[in-house]
Protein chains: 4
Amino acid sequence: MLRFASDYQEGAHPRVLQKLAETNLEQTAGYGEDEYCLRAAELLRERCMAPHAAVHFLVGGTQTNMTFLSAALRPHQGAICADTGHIAVHETGAVEATGHKVIAVSGAEGKLSAEAVDAVCRRHFSDDSHEHMVMPKVVYVSDSTELGTIYTKAELSQLRAACDRWNLYLYLDGARLGYALCAQGNDVDLPFLASVCDAFYIGGTKQGLLFGEALVLQNSALQQDFRYILKQKGGMLAKGRLLGVQFEEMFRDDLYFELSRHAVEQAMRLKAALARMGFSFLSDSPSNQQFPILPDSLLERLRKDFAFSDQGRVDATHTAVRFCTSWATRPEDVDALIGALEQSPLAF
Amino acid sequence: MLRFASDYQEGAHPRVLQKLAETNLEQTAGYGEDEYCLRAAELLRERCMAPHAAVHFLVGGTQTNMTFLSAALRPHQGAICADTGHIAVHETGAVEATGHKVIAVSGAEGKLSAEAVDAVCRRHFSDDSHEHMVMPKVVYVSDSTELGTIYTKAELSQLRAACDRWNLYLYLDGARLGYALCAQGNDVDLPFLASVCDAFYIGGTKQGLLFGEALVLQNSALQQDFRYILKQKGGMLAKGRLLGVQFEEMFRDDLYFELSRHAVEQAMRLKAALARMGFSFLSDSPSNQQFPILPDSLLERLRKDFAFSDQGRVDATHTAVRFCTSWATRPEDVDALIGALEQSPLAF
Amino acid sequence: MLRFASDYQEGAHPRVLQKLAETNLEQTAGYGEDEYCLRAAELLRERCMAPHAAVHFLVGGTQTNMTFLSAALRPHQGAICADTGHIAVHETGAVEATGHKVIAVSGAEGKLSAEAVDAVCRRHFSDDSHEHMVMPKVVYVSDSTELGTIYTKAELSQLRAACDRWNLYLYLDGARLGYALCAQGNDVDLPFLASVCDAFYIGGTKQGLLFGEALVLQNSALQQDFRYILKQKGGMLAKGRLLGVQFEEMFRDDLYFELSRHAVEQAMRLKAALARMGFSFLSDSPSNQQFPILPDSLLERLRKDFAFSDQGRVDATHTAVRFCTSWATRPEDVDALIGALEQSPLAF
Amino acid sequence: MLRFASDYQEGAHPRVLQKLAETNLEQTAGYGEDEYCLRAAELLRERCMAPHAAVHFLVGGTQTNMTFLSAALRPHQGAICADTGHIAVHETGAVEATGHKVIAVSGAEGKLSAEAVDAVCRRHFSDDSHEHMVMPKVVYVSDSTELGTIYTKAELSQLRAACDRWNLYLYLDGARLGYALCAQGNDVDLPFLASVCDAFYIGGTKQGLLFGEALVLQNSALQQDFRYILKQKGGMLAKGRLLGVQFEEMFRDDLYFELSRHAVEQAMRLKAALARMGFSFLSDSPSNQQFPILPDSLLERLRKDFAFSDQGRVDATHTAVRFCTSWATRPEDVDALIGALEQSPLAF
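Residues numbered from 1 in each chain as written. Chains lettered and ligands numbered in written order. Predicted model: local features only at pLDDT ≥ 70, side-chain atom pairs only at ≥ 80, totals over all residues. Heavy atoms only, no water.

(A) Structural detail: the relation of the copies chain A and chain C. Rotating chain A by 180 degrees and moving it 0.0 Å along the rotation axis overlays it on chain C with an RMSD of 0.0 Å. What the superposition gives is, in effect, a two-fold axis relating one chain to the other. Of the C-alpha atoms belonging to chain A, the one lying closest to the rotation axis is found on Arg74 of chain A, 3.7 Å away. Interface residue correspondence from chain A to chain C reaches 100%, placing this contact among same-surface, isologous pairings. (Least-squares fit on C-alpha atoms with pLDDT ≥ 70 in both. Contact = heavy atoms within 4.5 Å.)

This is the structure we're talking about:
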């Protein structure tokens, strides 16, 4: 069975694991106050050209999103988000469980537009009964999105302008940030993100770490007392240095981006093959997630040898599915998948 | 200035106020454990033909909704609701503030259909990643709806069947229940509601009381420990008997429905006049709220003498507005409003 | 049966009810944006000599406490409170339900001392693991307290100084504020409270209104967006003017304090009689609540004709009870209670 | 610098790390639905002789406590706990942040007694105003406690009986369960815990894993939908198999207990030395945490070469401190610490 079901099926890149082994018996302070975390935070500040940012390390994405939003929002405030956004759909109401509404708006290809933000804000701020509605305060975007698409500099700049118009924070969920920054056609980089976002996180779990996300708090208004809330939400790892060690190893050279590039290359090979065979896609994704719409008869055969995830039936005989590549995807496995697809009489 | 802006602009029907005055200096137990509350609860059980229902009296609608939902839902569960529903739009995230997602779905004319409930449940229960999504547990409907429309027996029975299919509670927000039950074409009554709903509330604030809503908990699973949660959410009125006195006076004879019928009659006169003039409506409302779409030039003139609420611009020159009648609306005021509309050169 | 069980057994003072009747059919804006609320707020600002305070009207005390604290605290912050404090004991965890810890410390006679605040803050702020502990942010006191005792100017000034030392808000729960300000030996008044507190509320429910509490937000940092949170917590009364009408009537002359003085006088007569008979007390209360410790045999006979509340067994044969007087207590009823006590062979 | 500050200063036992390395590139399902988690759960059920228990793996202790309590409690319910309990003191209000009060009662040597549980329940359930107080529903104990002490079978059986009297769940926080079960004088084992507790967790983070806690839900009423709440609270690790791999390695033979025994032996050597020198202790701990009260002058010298944590000043010249041993403590380091203590002129 070859697995393309997600980008978190393996452990960590060998260099990361090796570093954990080398440092295993060192004694350090707990709770992220060790030298590894301090150095990794400094490294990320440098990479982001954000010398005043606060950097915190958390274990997972849902935890990062709910901890950040809980810290950023007052009780009557909420987050605007595309209706495909992870916090709107796939976190079991984690944000609501901290008391806040997720204001979901429909978005093309999994993306939120500045126009959509404006429309929500006009409705929520201009009405006579605005106090009867949740006050928007954070704009949540993910890059790459849940449909594999990415934001351009221009789009993020427009979102930034909308945030400035309405006094909102711009927050970017970077669970797959490496795959976004290495995607075809991407023009965004870490310093740009630090310049347009109030906060964002650099994903590790899906990018070659055992686990871990690095939250970059650029806006000083968001930095105060963050560690209290991190502890309260269960996000302060006792052996916090495990996070520092991993992020330092990943970012001390170009490893994070090398691995991301590899994943995108494999995904592009698959995408090109699928397009060649004439299949259409749920979204035009330039990153490591591909969402082809395939005939059910073909899928039935594929399922014997390949794992992937269903995205819902499109018509009576077709279903959209997701194939993920990752830092760990072997080229020969992609070859095998392409080969199996090509054998389908429905291809071409 | 004649006011049609809402159905809570005056105090209480004189009989209600008179009863409060008569009983004013009596000494009773607090917190709803007095004889007035006990008798009013029994009276409502009789009217609903629901001898085993628990009846609790609360002060306002948002409070009732959030207290009920907080008691009915476990942390991972949410309520399905039309996207125009009060809990989804106009309660400043009160339900989310108790930790629960409101799952809003688009609905025609402010109503939620059994098909929409099925669609949400298929998506939330059937998927492999159902544990990553909020579990639907309550279906929330309002009758009359936020657009003045009403549910039929057939529609509520279909919702009941959907709830049974998916193991959901059916909850009906009756802030304007009297106006719904006296609306043109209505075929629902209190015993029917008690037979199809797990819980519902009989509105008082907008129906001629000073304030107050009567929550009827028909399903015994929802009755346990409710008073604890009522206290916790700030909904247990110290002088609870004020609620019992008012509801008893309103329901000891036909007063509640007399007042509702009056309001609907006045609204129907206005609706007929507007239709005669050729204006269209946001919704085809048979109850006390009317939502005509009127030319801005006409509205500008009307605003000098009449108060009403805006519902949003429809096109470059038209705006939808709401006119409310109530138990307290004077027929001559409706005449005056119709007269002012008829003077418009845009009418007819 | 003569009732001394609480100070919320009757309706409202007749003048208040009369005013509600007079204004009953007036049409006003809803949600506290009417002229009555505006005037009542202005009147209270004048009485408090606090021209920049924001004044909001809520229905009940638990609602006021939880709404205020929810607005004042960030997620990791809590309120310090005497272990007899209402929010710590008798609000079914309403504050915790909004996410915040109540840090209860033992206090003599129901009062919180500046020393106790200092001790909590030293422990919570100085420790290396302060981020693992809730951050104190509000000091909650009630005046009069749950044991009928009152704060002096000196005590409140010391609490203010402690709040300044640790950057805390001082919040005073005035559910029985009139009875405190008219208590024997009191040296506090409304302008003083406005000068030492960041926020406090002036109780109405227990002081002669049908219901209602007036929250005075003196610190501008606490004023922002308060109405959103008021709506979210179910505390924004649709017919808000009912609160404005009542508070205006009560404060347009000296009525509030007249009623309070009456209650305290009756309580002092009872206290003197009990002391004369040789009974001891749970607390030395100068206000409308008295907590004598009485023999069970005496209590058994009293219960036939008098209602009062138990406060717990003190020893094998004695129980502490509470007798409340109020604005509505008739002197002849106090005479009757004293007479019944004097008939006890255990008295004297 | 030799570190005795905590039992989470190193990484993982080498066997655990080795197993993570061996399995690193295997592809498995995510979110704890892999073979490693299934096998580890089965192994723990066997060790606990609890064939019907549900076992879930979480990353840390605060997360485990708040997720469990959030799942077990309805909104008006709370947890009884010793006032030294971790959830009462050192989790930044994590439990309150999910809406629930922690009812802290004073307890000797960090332990909660059945008598204290009875006293809380009598007060909370018997009073007329019980609905105004939080309803106790969970009894929280930790073993070993925050003061290093342990519970006996008799004590836990009495707590179980108290829980049965009042219809409460008994929950045991086993962050240091291995050190408790290997402590001097311990008579408890895993099957006994499974027989008296409704739920408990077997700590990994402080016991030789990189991270991880195994929550055992023995009472079927607590098992329903737990994975939803696990996801919502951010506790569902994407690469869940990391937890299964670690627990399986630790429990496939006697490693967990071997490591615990080692830590306790080292602690007992230190304790004996301190007692021999005449020092007293905050608690009489038979497990891996020791709390001696030492002269400040001695502490000043010790701090140059040894790390440990302060527990608060005891008098003008003495401070209580904590020395932790762990699975990783080297005997020669304990020798060095004892040597340094013996050089003190204050010893003996």
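So, next bit.
(B) Structural detail: the sheet that holds strand S4 (residues 102-105) of chain A. Residue and element names in this part refer to chain A. One open sheet accounts for seven strands, arranged S2-S8-S7-S6-S5-S3-S4; its pairing is mixed. What marks the edges here is a single partner per strand, and that holds for strand S2 (54-58) and S4. On average, each strand axis in the sheet is tilted by 25 degrees relative to the strand beside it, whichever way the strands run. Across five bridges, the pairing between strand S5 (residues 135-142) and strand S6 (residues 169-173) is parallel. Within S6, the position partnered with Val139 by the bridge is Leu170. Strand contacts of helix H6 (residues 114-126): strand S3 (77-82), S4 and S5, with the helix running at about 165 degrees to S5, the strand carrying the most contacts. Sheet strands in contact with helix H11 (residues 241-251) are S2, strand S7 (199-203) and strand S8 (213-217), and its direction is about 115 degrees off that of S2. (Pairing = 2+ DSSP bridges. Helix = DSSP H or I, 4+ residues; strand = E, 2+ residues; numbered from the N terminus. Axes fitted to C-alpha atoms, helices over the stretch in contact; angles between N-to-C directions.)

(C) A look at the confidence of the model for chain A. Averaged over every residue, the pLDDT of chain A is 96; residues scoring 70 or more account for 99%. Across the interface, the model reports ipTM at 0.96; the global pTM reads 0.97. (pLDDT = per-residue confidence, 0-100.)

(D) Highlighting the interface of chain B and chain C. Listed as interface residues are 43 residues of chain B and, on the opposing side, 43 residues of chain C. Together chain B and chain C conceal approximately 3800 Å² of surface at their shared face, both sides included; 56% is due to carbon and sulfur atoms. Taken together, the connections running from chain B to chain C amount to zero salt bridges. If you list the elements that add at least two residues to the side of chain B that touches chain C, you get strand S1 (2-3), helix H1 (14-22), helix H3 (61-72), helix H5 (94-97), helix H10 (226-232) and helix H11 (241-251) of chain B. (Buried area = accessible area lost by both parts, 1.4 Å probe. Salt bridge = Lys/Arg side-chain N within 4 Å of Asp/Glu carboxyl O.)

(E) Structural detail: the pattern of salt bridges. Overall, the coordinates contain 88 salt bridges over all chains when judged by the stated rule. Note that Arg15 of chain D is salt-bridged to Glu249 of chain D, the shortest N-O span being 2.7 Å. In this pair, Arg15 of chain D sits in helix H1 (residues 14-22) while Glu249 of chain D sits in helix H11 (residues 241-251), placing the two residues 234 residues apart along the sequence. Residue class for Glu249 of chain D comes out buried when judged on its relative accessible area of 5%. Taking the shortest distance from any N to any O, the salt bridge between Asp118 of chain D and Arg165 of chain D comes out at 2.9 Å. A residue pair is termed long-range when its members are at least 10 positions apart, and Asp118 of chain D in helix H6 (residues 114-126) and Arg165 of chain D in helix H7 (residues 153-166) qualify at 47 residues. Looking at Asp118 of chain D, the relative accessible area reads 13%, which means it is buried. Through salt bridges with shared partners, a single ionic network connects Arg15, Glu249, Arg252 and Asp253 of chain A. (Buried < 20%, exposed > 50% of the residue type's maximum accessible area, 1.4 Å probe, protein only.)

(F) Looking closely at the relation of the copies chain B and chain C. Superposition of chain B onto chain C requires a rotation of 180 degrees combined with a translation of 0.0 Å along the rotation axis, giving an RMSD of 0.0 Å. The overlap is high: 100% of the interface residues of chain B also sit at the interface in chain C, so the same surface is used on both sides.

(G) Structural view of the side chain of Lys271 of chain C. Residue and element names in this part refer to chain C. Among the structural elements, Lys271 can be located in helix H12 (residues 255-276). The exposure class assigned to Lys271 is buried, which follows from its relative accessible area of 16%. At 3.0 Å, the side chain of Lys271 and the backbone oxygen of Ser285 are in polar contact. Not counting residues within four places of it along the chain, the set of residues in contact with Lys271 comprises Phe281, Asp284, Ser285, Pro286 and Gln290. (Polar contact = N/O pair within 3.5 Å; in protein donor to acceptor, adjacent residues only side chain to side chain.)

(H) Highlighting the interface of chain A and chain C. At the junction of the two partners, chain A supplies 21 residues and chain C supplies 21 residues. A combined buried area of about 2100 Å² lies between chain A and chain C, and 51% of that area is made up of carbon and sulfur atoms. Of all residues in chain A, Glu131, His132 and Tyr228 of chain A give up the largest surface area on contact with chain C, accounting jointly for 35% of the area buried on that side. Here chain A and chain C share two salt bridges between them. Here Arg227 of chain A makes a salt bridge to Glu131 of chain C, at a shortest N to O gap of 2.7 Å. If you look at where chain A meets chain C, you find ten residue pairs in polar contact (both at pLDDT 80 or more). Of all the elements in the fold, those that place two or more residues in the side of chain A that touches chain C are helix H3 (61-72) and helix H10 (226-232) of chain A. Classifying every residue of the side of chain A that touches chain C gives eight nonpolar, seven polar and six charged. (Nonpolar A, V, L, I, M, F, W, Y, C, P; charged D, E, K, R; others polar.)

(I) Focus on the sheet that holds strand S6 (residues 169-173) of chain D. Residues and elements named next belong to chain D. Strand order in this open sheet of seven strands is S2-S8-S7-S6-S5-S3-S4, and the pairing throughout is mixed. With one partner strand each, in any of the chains shown, strand S2 (54-58) and strand S4 (102-105) form the two edges of the open sheet. Strand-to-strand twist across the sheet, computed as the mean angle between neighbouring axes with direction ignored, equals 25 degrees. The sheet contact formed by strand S3 (residues 77-82) and S4 spans four bridges and is parallel.

(J) Seen up close, the environment of Asp305 of chain B. Residue and element names in this part refer to chain B. By the secondary structure assignment, Asp305 is in the loop between helix H13 (296-302) and strand S12 (306-307). For Asp305, a relative accessible area of 48% gives the class partly exposed. C-alpha separation for the pair Asp305 and Leu337, spaced 32 residues apart in sequence, amounts to 8.9 Å. Excluding residues that lie within four positions of it along the chain, Asp305 makes contacts with Met1 and Leu2.

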